[in-house]
Structure formats: C-alpha cells, structure tokens
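Per-entry structural report
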Amino acid sequence: MIVRLVKLTIAIDRVEDFRALFTAYHDDIAGFPGCLSVELLQDIHEPNVFVTHSHWDSEEELNAYRQSVIFGRIWPATKLLFAAPAEARSFEVKIK
C-alpha cells in the first residue's frame, strides 16, 4: 500500500475556492481504481495550508490516476490557486 501526502499552500483569498474544488472532485478521486481513501487536512495555525492524504493499492495505480482525465482537470485548476509550489511525497506502509 502507498500513502501519498501532498502539501498545498493556497493563496489566502482562494482558500474557499480550493475547498469547493476539492469537494467537487472528492468522490471522483475516492472512486478511482486503486484509491483506498482520500482526505483533505487543513493546518490549524495556517488556514491556507492543506495536505491531501490518500491511500493507494500500489504506486502503479497512483501513477495511473496522475495520468487520468480526472487528474488532468483537477491539477491545472488547483495550480491556479497556489501561493507556493506543491510538495508531494509517497510512502510505503511498513507497519500498521
């Protein structure tokens, strides 16, 4: 299993736009083959900083999502809201 964390720093005046965008696509992401779960975390001290936290069956399925039509819609729209570049990391679960 792969855990994907993506830190997104959103422009202060675009936070609600970002939350609406994520909400609109949440079910599409969660329903993508290989996606076990996806959630959005918001920093308690910096409300314009978010982390997407998703679990995937494999890196291949994560990469298939990253090359999908859905991702091709979500990512460009999300990048327009950035105040800083995104930071992404993938982890393999070793102990659960």
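Structure shown above.
Presented here is a report on the structure given in the accompanying data block. (Residues numbered from 1 in each chain as written. Predicted model: local features only at pLDDT ≥ 70, side-chain atom pairs only at ≥ 80, totals over all residues. Heavy atoms only, no water.)

Moving on: the pairing of strand β2 (residues 35-42). Two strands pair when backbone bridges link them, and β2 and strand β3 (residues 49-56) are joined in this way by seven bridges, in the antiparallel orientation. Paired with Cys-35 across the strands is Trp-56, a residue of β3. In this structure, the hairpin formed by β2 and β3 is closed by a connection of six residues. (Pairing = 2+ DSSP bridges. Helix = DSSP H or I, 4+ residues; strand = E, 2+ residues; numbered from the N terminus.)

If you look at soluble globular proteins, the nonpolar side chains tend to sit buried side by side. Counting 21 residues, the largest nonpolar core has Ile-10, Phe-18, Tyr-25, Ile-29, Trp-56, Tyr-65 and Ile-74 as its most contacted members. When residues of this core are traced back to their parent elements, those giving at least two are β1 (2-9), α1 (15-30), β2, β3, α2 (59-66) and α3 (69-79). By residue number, the principal contributor to this core is α1, which donates six residues. Residues contacting Phe-18, with those up to four places away along its chain left out, are Leu-8, Ile-10, Leu-40, Phe-50, Thr-78 and Leu-81. (Core = buried A, V, L, I, M, F, W, Y, C linked by side-chain atoms within 4.5 Å. Buried < 20%, exposed > 50% of the residue type's maximum accessible area, 1.4 Å probe, protein only. Contact = heavy atoms within 4.5 Å.)

Structurally, Thr-52 is set in strand β3. Judged by its relative accessible area of 15%, Thr-52 is buried. Setting aside anything within four residues of it in sequence, one finds Thr-52 in contact with Arg-4, Leu-5, Val-6, Leu-8, Phe-22, Glu-39 and Leu-40.

Enumeration over the complete set of coordinates arrives at three salt bridges. With a closest N to O distance of 3.9 Å, Lys-7 and Glu-87 form a salt bridge. Highlighted residues: Lys-7 in strand β1 and Glu-87 in strand β4 (residues 87-92), separated in sequence by 80 residues. What makes Lys-7 partly exposed here is its relative accessible area of 34%. The closest approach of N and O atoms between Glu-92 and Lys-94, which form a salt bridge, is 3.0 Å. Taken individually, Glu-92 and Lys-94 each receive the classification exposed, so the pair is uniform in this respect. (Salt bridge = Lys/Arg side-chain N within 4 Å of Asp/Glu carboxyl O.)

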